[in-house]
Amino acid sequence: MGNYIGKSVKRVEDKRFLTGKGRYTDDIVLPGMLHMQIVRSSYAHARVNRIDTSAAKAHADVVAVYTGADIHTDGNIIGVPCGWQVNFKNGDTMKEPPHPLLVKDKVRHMGDAVAIVIAETKEAAKDAAELVVVDYEPLPSVTDVGKAAAAGAPLVHDDVPDNLCFDWELGDKAKTDAAMETAHHITKLDFVNQRVIPNAIEPRAAIGSYDATNDKYTLYTTSQNPHLTRLLLCAFVLGIPEHKVRVVAPDVGGGFGSKIFHYSEEALVIWASNKLQRPIKWNSERSEAFLTDAHGRDHKTSAEMGFDAEGNIVGLRINTLANLGAYLSTFAPAVPTYLHGTLLQGLYTTPAIHIDLKAVFTHTTAVDAYRGAGRPEATFLLERMIDLSAIEMGMDPVELRKKNFIPAFDGVEQEGYITQVALQYDSGDYHPVLDRAVEMVGYEQFRKEQAEARANGRYLGIGFSTYIEACGIAPSAVVGALGARAGLYESAQVRVQPTGSVSVYTGSHSHGQGHETTFAQVVADKLGIPLESVDIIHGDSDAVAFGMGTYGSRSLAVGGSAIMKSIDKVLEKGAKIAAHKLEAAEDDIEYSDGQWTVKGTDKSIGFGDIALTAYVPHDYPANLEPGMDFSSFYDPANFTYPFGAHIAVVEVDPDTGKVDLKRFIAVDDVGNVINPMIVDGQIHGGLAQGIGQALFEGAIYDEEGQLMNGSYMDYTMPRADDLPSFEIDRTVTPCPHNPLGVKGAGEAGCIGSTPAVVNAVVDALAPFGVRDVQMPMTPERVWRAMHNGNGNGKA
Amino acid sequence: MGIPINVKVNGQSYSKEVEPRLLLVHFLRDVLALTGTHVGCDTSSCGACTIHIDGEAAKSCTILAVQVDGAEITTVEGLSPADGSDLHPIQEGFKEEHGLQCGFCTPGMMMASLDLLKRNPNPTESEIRHALEGNYCRCTGYHNIVKSIQHAAKNMGKEVAHG
Amino acid sequence: MIPNNFEYHRPANVQEALGMLSQYGDEAKLLAGGHSLIPTLKLRLNDPGHLIDIGHLKDLRYIRQEGSEIAIGANSTHSDVAFHALIEEHFPVMAQAGRLIGDVQVRNRGTIGGSIAHADPAADWPATLLATDAKIVIMGQGGSRSVAATDFFKGLYYTAVNEGEIVTEIRIPVPPAGSSSAYMKFMQPASRFAIVGCAVMLPGGSTDDPRVAFNGVSSAPFRDTGVEAALKGKVADKANIEAAAAHAANGQSVMSDHFASEDYRTHLAKVYARKTLYAATS
């Protein structure tokens with residue numbers, strides 16, 4: 001054993017991707033397949049008076065044109081549901097207006113779907129969609145969360161007063177108010193955590209197919225989460241029994257959260273495939289993706305952090321407005337609440353915390369989980385506040401953090417840390433990650449270089465960020481109590497084939513994470529068989545018993561644990577068969593390196609022989625079932641809590657305001673690591689996205705609710721030459737409550753990096769009296785900050 | 001009305017009639033079923049559709065199929081034998097250095113990299129990063145893509161040295 | 001991303017193309033490299049009934065010296081121009097600008113003729129053609145005419161090319177020995193077009209006739225006579241360069257968008273005048 005775990009095994013799945021043989025949804029062509037184009041609103045808010053589809057229907061090769069009236073009168077189709085319920089402070093249920101597949105009366109954001117055109121070719125569908133004439137009556141709109149929450153704002157839904165989906169609070173308000181009352185120093189900051197657009201490079205796509213002879217549907221879809229999509233589609237949208245629907249998420253070209261959710265297009269192709277008795281493909285164009293993939297972040301926050309005279313944090317008081325967009329996406333209510341408010345303890349011993357939050361509808365694309373989901377917003381808040389506090393109190397940002405860190409605890413000898421905001425951290429040791437990062441950057445030396453550079457009119461800055469996240473989502477009972485309408489366990493089936501190779505069926509879904517390799521490493525090691533003898537199967541609801549998909553850095557912590565449970569069952573049964581074959585008592589048998597051995601003897605039998613015996617049970621224990629195929633469901637006992645320290649080093653060009661990210665150091669602790677190469681890759685990618693938010697990305701809506709930067713010509717994402725090579729390292733604090741001791745690595749980079757970059761820019765601009773720069777920190781914003789600081793453009 | 005075109009793709013000659021508006025990327029994907037070339041945007045920005053035309057990298061989403069009449073095209077499928085044996089050094093580089101995650105940008109990324117290595121067999125990190133300005137990757141943060149290209153450059157250099 | 005349908009024509013030579021242009025009138029568009037036109041077709045911002053493909057006309061793809069001029073065929077790609085020995089020798093400003101256009105894939109296909117005929121205000125070639133005193137050769141059915149770059153770029157997507165005419169060549173006088181030039185740009189980070197692109201040419205390496213031109217700043221590229229006048233005849237030292245650069249974009253109607261507001265862009269023009277003058281004199 002021990003041949004694979006902890007090694008950078010090259011990825012099993014790479015060959016198909018490298019040779020152009022990946023199979024993404026848009027690569028799939030079914031016989032007789034039709035193509036669907038969606039007619040979308042160019043208005044943010046308008047009454048739809050009339051839709052004239054006659055010219056589109058008359059266009060060559062058009063098979064059908066449907067509007068909301070056609071669909072929502074067919075059966076009892078209301079729309080796509082929300083998967084999480086949050087209650088108002090007073091106990092009332094959140095406002096949950098319908099999210100129709102196609103609007104009937106009103107469009108509520110630019111890109112809202114009005115009609116679908118289905119044709120023999122994609123060209124004809126596209127041409128005919130332009131012939132659908134919609135009589136819109138434009139209405140006043142609101143896209144800014146602050147304006148939407150203000151009195152008299154245009155209403156997104158007539159029956160949702162003040163556009164308020166719910167209000168919510170967490171923490172002890174009285175205690176926090178009291179703490180702030182007596183604080184020696186209070187740092188205050190109002191800021192926006194801007195809306196970003198996920199932009200997986202593969203646009204979403206879906207193919208619906210209906211087999212009338214078997215009354216069975218197949219949905220191919222770009223999903224991180226095929227089983228949940230099936231559940232929502234069947235039980236909540238179309239009313240089809242689940243055993244009649246197969247959902248396949250084949251190779252998926254990145255998700256970053258945006259492909260977790262059940263989208264209306266999936267329901268539309270399934271519904272229409274039945275109507276027309278033909279397979280139907282929809283493939284999003286990029287400009288469509290900008291308008292319809294769920295967006296991320298979009299918080300407006302007022303924060304106050306209170307300190308005593310020694311620099312100990314005594315209280316944290318937060319007011320946040322969270323923009324939900326026009327409709328509730330699948331997990332939307334959970335993101336600003338249970339994935340954000342609960343993380344406000346951070347790594348600090350803050351004894352009093354309170355957050356007051358309003359979740360608000362606007363005339364914009366729905367907002368939901370985007371890489372990190374709520375945790376980046378919480379980290380950004382804490383890490384900006386503590387850095388700013390260090391400046392205001394004249395303290396070193398590293399020392400101030402360390403002074404307030406929660407002392408180390410392993411979750412075994414020492415209890416998990418109970419926070420002020422409803423969580424119990426599993427294990428943590430926070431000083432080493434920051435110490436290591438500080439050592440890697442050469443902090444003292446940097447301060448000297450910075451001083452010299454400033455004397456020469458060059459502006460270098462360093463920014464720190466230390467974070468914690470709650471991953472391995474999630475204990476079902478806990479999230480159920482918090483409003484989740486689904487459990488968040490995972491399933492795994494380990495099928496030992498008669499000749500000793502192994503097929504593993506997992507409910508996790510890989511869209512870049514490399515499960516086919518990492519999971520195989522775990523299975524091969526635990527069973528003591530070659531990696532080549534293990535196959536990982538995922539993303540097909542007909543093959544895999546059930547699954548809750550991949551997001552929230554949960555695959556290994558939850559999905560991997562489920563696999564471990566099935567492996568235990570395999571080994572337990574194997575031991576029974578081996579004991580029988582070796583004529584020994586089961587207690588005298590031990591398993592190692594693919595062999596069951598009678599302890600203290602050289603009598604042994606191999607894994608392959610036992611597998612064969614299980615399927616050819618001629619000489620076999622009495623009362624034991626043949627076969628060797630085990631399913632397990634694993635429901636985690638707690639979240640996992642990875643943490644880390646990130647440091648950005650920047651130089652700001654005083655002429656242009658352009659920020660040059662010169663170095664980025666990340667020391668993360670994601671618990672035990674199965675494949676270091678893959679974990680490093682996850683960190684790299686997360687860093688790029690977090691840095692992207694700090695420097696480049698952000699949706700811009702104009703006064704009329706038009707998305708102004710809905711294309712790659714206008715929405716900036718990091719390119720290769722915008723980033724340095726990253727300097728990364730890690731510490732290992734195992735998770736005490738799952739069998740692999742793993743915590744999850746998918747989101748870490750994206751959670752920690754954003755505030756580090758902002759803090760670095762603010763540090764660089766200290767001579768200009770700058771205390772904050774709004775993200776994305778575009779050259780113009782930075783230039784303006786330099787000129788609006790108390791230095792008025794002069795250092 | 002179809003326009004006749006003759007093209008050689010990955011060494012194989014094709015004579016097809018195409019609609020004038022058919023983009024080269026759709027010709028490759030829909031007509032020739034070479035689905036390794038991907039579409040990631042509609043503004044010629046993302047580079048997922050990058051192929052080679054007469055040995056130079058080009059974005060097949062910004063070229064009409066009729067424009068490549070008489071040209072030689074290489075797609076990702078043409079880099080190595082169809083069974084995936086004997087990977088091209090650029091493919092090997094991406095595999096060895098974990099230069100891909102979801103794999104969607106990867107074909108275009110490799111085709112752009114090859115254009116660079118042809119012009120500049122021994123590029124610096126900054127030259128590599130600059131040469132990838134026409135290709136987005138959302139998974140890797142580019143860190144390992146840079147290493148993959150360096151890895152390939154080293155091996156391709158060896159090949160040349162050994163003649 | 002599927003264009004509207006159109007009829008496709010592939011003329012055998014320029015004369016035939018001119019005939020087609022005249023036949024189809026304003027329903028026709030010329031297609032060369034396609035890297036300005038095809039993106040607009042895909043987004044259906046452009047809907048020509050007829051596309052006349054001159055991209056394959058090899059006799060429009062050349063770069064050569066003809067007497068005291070360098071002649072660049074309109075079908076030369078951005079890469080052809082940027083990496084050509086004659087261009088590198090005589091017009092560093094163009095070699096630098098060409099390498100900054102779009103990305104390698106775009107440079108391999110997009111053509112200089114197509115780019116200048118399209119006249120995107122943020123494209124990179126126009127300022128270099130103004131600074132190098134280039135002439136653009138335009139062919140019509142009545143023959144060809146030559147238009148100075150200063151008269152060619154008339155406004156937003158608007159040039160001296162009339163309906164039925166084709167840009168066939170760019171001719172640039174070989175500058176005297178010792179000339180120096182440079183191009184620098186502040187990029188729009190998403191599109192990589194110029195927010196400010198500044199081209200500087202100092203014929204003979206002196207400030208007797210300094211030429212400073214911008215694209216990206218205004219709806220049309222322009223020679224910045226304010227900067228030029230301030231530098232003319234002066235020693236190109238730090239003080240004089242800074243003083244001259246401070247005139248940049250004065251009197252211009254400066255564009256504004258969410259990447260660069262009017263005053264920031266104006267400021268950048270001054271910064272880039274200074275940087276580019278330094279680059280050309282260092």
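Residues numbered from 1 in each chain as written. Chains lettered and ligands numbered in written order. Predicted model: local features only at pLDDT ≥ 70, side-chain atom pairs only at ≥ 80, totals over all residues.

1. Description of the overall build of chain B
Here is the rule: Helical segments are the DSSP runs of H or I of at least four residues, strand segments are the runs of E of at least two, and each set is numbered from the N terminus. Throughout, radius of gyration means the C-alpha value; the globule benchmark is 2.2 Å times the number of residues raised to the power 0.38. Here exposure depends only on C-beta density: within 10 Å of a residue's C-beta, 20 or more other C-beta atoms make it buried, 12 or fewer make it exposed, and intermediate numbers make it partly exposed, the C-beta atoms being placed from the backbone.
Helix and strand counts for chain B stand at five helices and five strands. In chain B, the succession of α and β elements from N to C terminus is β-β-α-β-β-β-α-α-α-α. Here the C-alpha radius of gyration of chain B, 16 Å, is about what a compact globule of 163 residues would show, namely 15 Å. Along the longest, intermediate and shortest principal axes, the C-alpha atoms of chain B span 50 × 35 × 30 Å. Scored against the burial criterion, the 163 residues of chain B give a buried share of 64%.

2. Here's the deal with the overall build of chain C
Tallying secondary structure elements over chain C gives 12 helices and 14 strands in all. With respect to the three principal axes, the spread of C-alpha positions in chain C is 60 × 45 × 30 Å. The buried share of chain C, reckoned over its 282 residues, is 57%.

3. Observations regarding the interface of chain A and chain B
Selection criterion: For the purpose of contact definition, each residue receives a C-beta atom placed from its backbone, and two residues are in contact when these atoms lie within 7 Å. Under this grouping Gly is polar, as are all residues other than the nonpolar Ala, Val, Leu, Ile, Met, Phe, Trp, Tyr, Cys and Pro and the charged Asp, Glu, Lys and Arg.
Every contact between the two is made by 44 residues of chain A and, on the other side, 44 residues of chain B. For the side of chain A that touches chain B, the secondary-structure elements that each account for two or more residues are α1 (14-18), α9 (286-292) and α18 (676-695) of chain A. No other element matches the seven residues that α18 of chain A contributes to the side of chain A that touches chain B. Counted by class, the side of chain A that touches chain B contains 18 nonpolar, 14 polar and 12 charged residues.

4. Regarding the interface of chain C and chain B
At the junction of the two partners, chain C supplies 24 residues and chain B supplies 23 residues. Considering each element in turn, the side of chain C that touches chain B owes the most residues, five residues, to helix α6 (residues 104-109) of chain C. Looking at side-chain class alone, the side of chain C that touches chain B contains 11 nonpolar, seven polar and six charged residues.

5. Topic: the sheet that holds strand β5 (residues 113-119) of chain A
Residues and elements named next belong to chain A. As a reminder, the rule being used: Each pair of strands is called paired provided DSSP finds at least two bridges between the two strands. Only the stretch in contact is used when a helix axis is fitted, and all axes are lines through C-alpha atoms; the angle between N-to-C directions ranges over 0 to 180 degrees.
If you trace the seven strands from one edge of the open sheet to the other, you get β3-β5-β1-β12-β9-β10-β11, paired in mixed fashion. In the strand order of this sheet, the two ends are held by β3 (62-67) and β11 (245-248), each with one partner. In this sheet, adjacent strand axes meet at a mean angle of 20 degrees when their direction is disregarded. Examined bridge by bridge, β3 and β5 share five bridges and lie antiparallel to one another. Bridged to A64 within β5 is I118. Helix α8 (residues 264-276) contacts β1 (34-40), β3, β5, β9 (205-211), β10 (216-221) and β12 (280-283) of the sheet and is inclined by roughly 30 degrees relative to β9.

6. Regarding helix α1 (residues 14-24) of chain C
All names here are of chain C. Operational definition: When we speak of the arc, we mean the arc of directions from the helix axis to the C-beta atoms.
Turning to α1, its buried residues number three or more, namely A17, L18 and L21. Burial along α1 is one-sided: seen end-on, the buried residues are contained in an arc of 100 degrees. On the buried face of α1, the contacting elements are β2 (28-31), β3 (50-53), β6 (135-140) and β10 (166-173). Looking one or two places after α1, you find G25, whose phi comes out positive at around 55 degrees.

7. Let's talk about unusual backbone geometry
Cis geometry is found at the peptide bond from I473 of chain A to A474 of chain A, where omega equals -5 degrees. Checked against the element boundaries, A474 of chain A lands in the loop between β18 (459-468) and α14 (476-481). Here the residue pair M775 of chain A and P776 of chain A is connected by a cis peptide bond, since its omega of -10 degrees sits within 30 degrees of zero. Among the secondary structure elements, P776 of chain A is positioned in the loop between α19 (748-764) and α20 (779-788). Its identity as a non-glycine residue notwithstanding, D215 of chain A has a phi of 50 degrees, on the positive side. Position of D215 of chain A relative to the elements: it lies in the loop between β9 and β10. Unusually for a residue other than glycine, Y157 of chain C sits at a positive phi of about 50 degrees. Residue placement: Y157 of chain C occurs in the loop between β8 (153-155) and β9 (158-159). Look at Y157 of chain C and you get partly exposed, because 13 C-beta atoms sit within 10 Å.

8. Remarks on the pairing of strand β21 (residues 534-538) of chain A
All names here are of chain A. Put simply, the test is: For a crossover, the right-handed case is the one in which the path from the first strand over the helix to the second runs clockwise, viewed with the strands pointing away from the viewer.
Residue alternation in β21 divides its side chains into a buried set, V534, I536 and H538, and an unburied set, D535 and I537. Pairing of strand β20 (residues 502-506) with β21 involves five bridges; the strand directions are parallel. Across the sheet, the residue bridging to S503 is D535, located in β21. Regarding topology, helix α15 (residues 515-527) serves as the crossover connection from β20 to the parallel β21, and that connection is right-handed.

9. Side note on the sheet that holds strand β7 (residues 143-148) of chain C
Residue and element names in this part refer to chain C. Sheet architecture is open: five strands sit in the order β4-β5-β10-β6-β7, paired in antiparallel fashion. The sheet is open, and its two borders are formed by β4 (63-66) and β7, each paired with just one other strand. Neighbour-to-neighbour, the strand axes of this sheet turn through a mean angle of 25 degrees, independent of strand direction. As paired strands, β6 and β7 are joined by six bridges and run antiparallel to one another. Bridge pairing in β7 places M139 opposite S144.

10. Here we look at the environment of M564 of chain A
Looking at where M564 of chain A falls in the secondary structure, it is placed in helix α16 (residues 555-582). M564 of chain A sits 68 residues away from S632 of chain A along the chain, and the two C-alpha atoms are 8.8 Å apart.

11. Some remarks on the packing of helix α10 (residues 375-393) of chain A against helix α11 (residues 397-404) of chain A
Residues and elements named next belong to chain A. Put simply, the test is: It is the rotation of the near helix from the far one that decides the hand of a crossing: anticlockwise by less than a right angle makes it left-handed, clockwise makes it right-handed.
Their axes nearest at 9 Å, the elements α10 and α11 cross at an angle of 120 degrees. At the point where α10 passes α11, the crossing takes the right-handed sense. Residues I386, D387, S389 and A390 of α10 form the contact with α11, whose participating residues are P397, L400 and R401. Taken together, the residues of the contact of α10 with α11 break down into four nonpolar, one polar and two charged.

12. Observations regarding the nonpolar core
For clarity, the cut-off: As used throughout, a nonpolar core is a set of buried Ala, Val, Leu, Ile, Met, Phe, Trp, Tyr and Cys residues joined through C-beta atoms within 7 Å of each other.
Residues V117, V523, V757 and V761 of chain A together with C198, A199 and V200 of chain C are the most contacted members of the largest nonpolar core, which totals 405 residues. Ignoring anything within four residues of it in the chain, the contact list for V761 of chain A reads G461, V650, V652, V659, V773, M777 and V782 of chain A.

13. Considering the packing of α15 of chain A against α16 of chain A
Residues and elements named next belong to chain A. Interhelical geometry of α15 versus α16 gives an angle of 35 degrees and a closest axis separation of 11 Å. The way α15 lies across α16 gives a crossing that is right-handed. Across from H515, T518, F519, V522, V523, K526 and L527 in α15, the residues of α16 making contact are S555, L556, G560, I563 and I567. Here the contact of α15 with α16 is built from residues that sort into seven nonpolar, four polar and one charged.

14. Quick word on the pairing of strand β27 (residues 659-669) of chain A
Residues and elements named next belong to chain A. With eight of its 11 residues buried, β27 lies for the most part within the structure. Across 10 bridges, strand β26 (residues 643-652) lies against β27 in antiparallel orientation. Among the inter-strand pairings, G644 is bridged to a residue of β27, identified as D668. The β-α-β motif built from β27, the intervening α18 and the parallel element strand β28 (residues 727-730) has right-handed crossover chirality.

15. Here we look at the environment of N240 of chain C
Residue and element names in this part refer to chain C. With respect to the element layout, N240 can be found in helix α11 (residues 238-245). Residue classification places N240 among the partly exposed positions, given that 17 C-beta atoms sit within 10 Å. Taking C-alpha positions, N240 is 36 Å from G113, a pair spaced 127 residues apart along the chain. If sequence neighbours within four positions are ignored, N240 has contacts with L231, K234 and V235.

16. So, α16 of chain A
Under the convention used in this document: An expected span of 1.5 Å times one less than the residue number is assigned to each helix.
End to end, α16 of chain A covers 38 Å across 28 residues, agreeing with the expected 40 Å (1.5 Å per residue, within 8%). Just downstream of α16 of chain A lies E583 of chain A, where phi reads positive at about 55 degrees.

17. Thoughts on the confidence of the model for chain C
Definition in use: For every residue, the predictor reports its confidence as pLDDT, a number between 0 and 100.
For chain C, the mean per-residue pLDDT works out to 97, and 100% of the residues sit at or above 70. Two summary scores accompany this predicted model of the complex, namely pTM at 0.97 and ipTM at 0.97.

18. Some remarks on the environment of C105 of chain B
Mapped onto the elements of the fold, C105 of chain B is located in the loop between α2 (89-96) and α3 (106-119). A tally of 29 C-beta atoms within 10 Å means that C105 of chain B is categorised as buried. Leave out the neighbours within four places in its chain, and C105 of chain B touches I201 of chain A together with G40, A48, N135, Y136 and C137 of chain B.

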